[in-house]
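One letter stands for each residue in the lines below.
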Amino acid sequence: MSEPTVTVVIGAYDALPYLTRCLKSVAEQSLGEHTLECLAVDDGSNDGTGKELDRFAAEHPDFVRVVHQQNSGGPSAPRNVGIDLARGRYVFFLDADDHLGPHALRRMIDMAERNGSDVVLGKYVGVGCDVPRSMFEADQEVVDLATSRVWYSLTPHKLFRRSFLLERGLRFDEDIRIGEDRIFVTKAYLQASVVSVVADEDVYFKVRRDDNGNITCNYRDLPRRFETARRIMAAIAAHSTPGPVRDAALLRTFRGGLLDSFSWRFPPLTVDEQLAAMEIVKQEVERFYTPEIDRQMTPPHRIFAHCARHGMRAEIVDVIEFLEREKAKDGSPHAVVVDGGRAYAAYPYFRDEKRGIPDSCYDITHRLGQNDRLDSLGWRRAQRGDVLRLTGHGYIERVPTLEPATQLVLRLRDDGREVRVPTRSAPLTGASATGTQGPAGFTAEIDFARAENGGPLTPGVWDVYLNVRTQGLSTQRRFGARKAESLAPPVTATTGKLTVTPYYTALGNLSLRVTAARETRKPQRGLPRHLGAIGRRLGRLREVVRPLGRIPQLRLPRHDR
C-alpha cells in the first residue's frame, strides 16, 4: 500500500457512546485526491470501546488499524504509539469523545501543502462547552508567532507534518496527566518552520461528555499544574531566544498556566504543597518575568508574582479568598483609587506599609472600562450648512466624573488621521444619573464645513470614537454600539459641498460616509432653462436694433415664470 496522505490517531479509553460518532466523522471525510489512514489505540478500555473499534476496522479494512494495549493512565502513551506507527505524510490527533467536520482534513492538508506548514490549526466548535475562538477570525497562511493568538490554543487536535515530529523528536510526556498536550504543542510551535490556521471551515467539534469524563482537573491536581507550567517554561527557554516570540509564549504561560493557578484550588492545599508551588513560581518569575510581561498582567497576577517571590503565602490566600467573594458578589467590590493620574484596584494590602506590595501591582490605569451611550443623532440647520448633533453620555467605570472633558474622535478609515470634536457637558437624567456620574452627559455638533483644520472634512469613511477624560485619566473606544431605545434612524444630508451619511457598522458602531456633493447648475430664476436662453438672446437683439426702433418685449405665459 502506498503512503497515505494523513494518519488520524485516535486514543480511546472508555469512550462509548461518543466513539461511534467520532469514527463516523473519520469515515465520511471528503478528502478529494488525498488518502487516509486511521490508527486507533484502545488504551485498556472496560466499556466495549475495544469491540467498537474492531467493528469499525472490519467495516473499513482498507484504511483502519486498531492497537489494543493495557491502560497507560493517560492520553500521552496512545498518542505516542500513533506517532511511532503512523505512515501518513501528516498526523492528526483526534480524541475519541470528539468528531471532525466533513471537510476538515482536506482543508488542513491543502493549507499545509500550499505553505509547507509543519502545524495547521483548524477552527474549533464547542458542543456543550467553550472553545478557543480568538485565533480563528480569519485564515492565516503563515502565522506570526509574536502577535498571533495561536498561543491560546495548545490542545493537540491539529495537523502535524510527520517528518517534522520525527526529526524534532517530539513526543508527549507520559509521566504527567495534566498539560502534557500544552508542552507538546509549545515545543511544536517554537520549532515549526510554518504554522497555519484554517478559520473559514468548522474543523474540530469538541464535545463535553455528560459524565464530565473528559474533565480531570480538581484542586488536588494543582501541584501538577504548577509542574506542567515549569516544564513549559523550560521548553520555551530551550527552543527560543529572547525577543517577541519568546515573550508571547511566556506571557501565555504566566497568564494561562502559572499565575492563574493561584485560584480557589490553592487554599485547600496543605501548607507544604502551597510552599512548593510558590517556589516554582518564584524561580520562573526570577528567570523570565520582564517589565513588558508585567504590563500585560492583571493586578491579581502581579500581586501573586510579587507575593510568591517574597514568600508571602498567607497574603496570597487572603487575596484569593477576597476575589472569590467578589466574584460570588458575597461582599463589597474592591474600590478604585485615583492618585496622580493613575488608577489602582484596592485589593487587600494595597498601600499596607507592613507588607510593602508596590502600587504598580495594583495599577489598572490601562484596564479601565468605559460606559457610554448614544441618545440622539440628527441634523440642525446652521448658517454655513447643516451640522450633525449628537447627545449621549460617557464615563470611566467606577471613577467619579469630575470636570469631564469628553471628545468625539473621528478617524479616517483609509489613513488613520483623526479629527477631534469637543463636546458640551450636560447632566445625566433618569437611571444613568445615579451615583457619581451626574456630569457625564454631553452634546456635540459636527460642522463638516469647518471640522478639519477649519476646512471641510476629507471625503471617506470616518469611524466615530468617544474619548472620556476625568481626574487625569483617559479612556477611548468606538462609539454608538449602545444606543437609546428611542433613537431615530440616521438620515443622509448635504451640507455645503459634502454629502454625509451616518450609518451603523455590523457591530453597531457609528460611522460617517462623507462624499463630495454633486454640483448642479441652476437655471434662470422663474424660467425653464430653454426659455431663459431665448430671453437672453432677445435681450441682446434689442440692444443691437434699439437705434432702428422699439421692438415689443416678449411676454410669457404666467405659469412658465
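1. Side note on the side chain of arginine 252
Here is step 1: By the secondary structure assignment, arginine 252 is in helix H8 (residues 244-258).
Here is step 2: Engagement of the side chain of arginine 252 in a polar contact is seen with the backbone oxygen of glycine 256, the distance being 2.7 Å.

2. Section: the sheet that holds strand S11 (residues 370-380)
Here is step 1: Taken together, four strands build an open sheet; the order of strands is S11-S12-S16-S15 and the sheet is antiparallel. At either end of the open sheet lies a strand with only one pairing partner, and these are S11 and strand S15 (424-426). Averaged over all pairs of adjacent strands, the angle between their axes in this sheet comes to 25 degrees, without regard to strand direction.

3. Structural notes on the pairing of strand S18 (residues 473-478)
Here is step 1: Pairing of strand S17 (residues 460-470) with S18 involves six bridges; the strand directions are antiparallel. Directly across from leucine 466, in S18, lies its bridge partner arginine 477.
Here is step 2: Counted between consecutive antiparallel strands, the loop separating S17 from S18 contains two residues, among which glutamine 471 sits at a positive phi close to 55 degrees.

4. Some points on the pattern of salt bridges
Here is step 1: With the rule as written, the count across this model stands at 45 salt bridges.
Here is step 2: Here aspartate 139 ties to arginine 107 by a salt bridge, and the two come within 3.7 Å at their closest N and O atoms. One end of the pair, aspartate 139, is in the loop between strand S6 (119-127) and strand S7 (159-161); the other, arginine 107, is in helix H4 (residues 104-115), with 32 residues separating them in the sequence.
Here is step 3: Each of Arg79, Asp95, Asp98, Glu180 and Lys206 takes part in salt bridges that share partners, so that together they form one network.

5. Concerning the sheet that holds S6
Here is step 1: The strand order across the open sheet built from eight strands is S3-S2-S1-S4-S7-S6-S8-S5, with neighbouring strands paired in mixed fashion. Whereas interior strands pair on both sides, the edge strands pair on one side only; in this sheet they are strand S3 (64-69) and strand S5 (99-100).
Here is step 2: Bridging between strand S1 (residues 6-12) and strand S4 (residues 90-95) involves six bridges; their strand directions are parallel. Bridged to valine 6 within S4 is tyrosine 90.
Here is step 3: Packing against the sheet, helix H2 (residues 49-59) makes contact with S1, strand S2 (36-43) and S3, and its axis sits at approximately 155 degrees to S3.
Here is step 4: Of the strands in this sheet, S1, S2, S4, S5, S6, S7 and strand S8 (195-207) touch H4, which is tilted by about 160 degrees from S8.

6. Here we look at the environment of alanine 229
Here is step 1: On the secondary structure map, alanine 229 appears in helix H7 (residues 222-239).
Here is step 2: For alanine 229, a relative accessible area of 3% gives the class buried.
Here is step 3: Considered as a pair, alanine 229 and serine 261 are 32 residues apart in the sequence and their alpha carbons are 9.6 Å apart.
Here is step 4: When neighbours within four sequence positions are excluded, alanine 229 is seen to be in contact with Thr253, Gly257 and Leu258.

7. Thoughts on H4
Here is step 1: Between its terminal C-alpha atoms H4 stretches 17 Å, which fits the 16 Å expected from 12 residues at 1.5 Å a residue.
Here is step 2: Of all the positions in H4, only Ala104, Leu105, Arg107, Met108, Ile109, Met111 and Ala112 are classed as buried.
Here is step 3: Backbone geometry just downstream of H4 places glycine 116 in the positive-phi region, at approximately 65 degrees.

8. Observations concerning helix H1 (residues 18-27)
Here is step 1: Listed as buried for H1 are Tyr18, Leu19, Cys22, Leu23, Ser25 and Val26. One side of H1 carries all its buried residues, which in axial view fall inside an arc of 155 degrees.
Here is step 2: Here the buried face of H1 lies against S1, S2, H2, S4, S5 and S8.

9. Considerations on the packing of H7 against helix H9 (residues 271-288)
Here is step 1: Two elements in contact, H7 and H9, have axes whose closest approach is 10 Å; the angle formed by their N-to-C orientations is 20 degrees. With respect to H9, the axis of H7 lies roughly parallel. The handedness of the crossing between H7 and H9 is left-handed. In this structure, H7 uses Pro223, Phe226, Glu227, Arg230, Met233 and Ala237 to contact H9, whose residues at the interface are Glu273, Ala277, Ile280, Val281, Glu284, Arg287 and Phe288.

10. Description of the confidence of the model for the protein
Here is step 1: For the protein, per-residue confidence averages 89 on the pLDDT scale, and residues scoring 70 or more make up 89% of the total.
Here is step 2: Residue range residues 544-561 is modelled with pLDDT below 50. Its contacts to residues more than four positions away, or to other chains, number 12 contacts.

11. Some thoughts on unusual backbone geometry
Here is step 1: In this structure, the amide linkage connecting leucine 16 to the following residue, proline 17, adopts the cis form with an omega of 0 degrees.
Here is step 2: You can see proline 17 is positioned in the loop between S1 and H1.
Here is step 3: Positive phi, close to 45 degrees, is recorded for aspartate 14, a residue that is not glycine.
Here is step 4: Along the chain, aspartate 14 turns up in the loop between S1 and H1.

12. Some words on the nonpolar core
Here is step 1: Among the nonpolar cores identified, the biggest contains 143 residues, and Ile10, Leu105, Tyr189, Phe254, Phe262 and Phe266 are the most heavily contacted of them.
Here is step 2: Among residues more than four places away in sequence, those in contact with tyrosine 189 are Val119, Leu121, Leu145, Val150, Trp151, Ser153, Leu154, Lys158 and Val195.

Basis of the calculations
Residues numbered from 1 in each chain as written. Predicted model: local features only at pLDDT ≥ 70, side-chain atom pairs only at ≥ 80, totals over all residues. Heavy atoms only, no water. Helix = DSSP H or I, 4+ residues; strand = E, 2+ residues; numbered from the N terminus. Polar contact = N/O pair within 3.5 Å; in protein donor to acceptor, adjacent residues only side chain to side chain. Pairing = 2+ DSSP bridges. Axes fitted to C-alpha atoms, helices over the stretch in contact; angles between N-to-C directions. Salt bridge = Lys/Arg side-chain N within 4 Å of Asp/Glu carboxyl O. Contact = heavy atoms within 4.5 Å. Buried < 20%, exposed > 50% of the residue type's maximum accessible area, 1.4 Å probe, protein only. Expected span 1.5 Å × (residues − 1). Arc of directions from axis to C-beta. Parallel < 35°, antiparallel > 145°, perpendicular 65-115°, else oblique. Left-handed = near helix turned anticlockwise from the far one by under 90°. pLDDT = per-residue confidence, 0-100. Core = buried A, V, L, I, M, F, W, Y, C linked by side-chain atoms within 4.5 Å.

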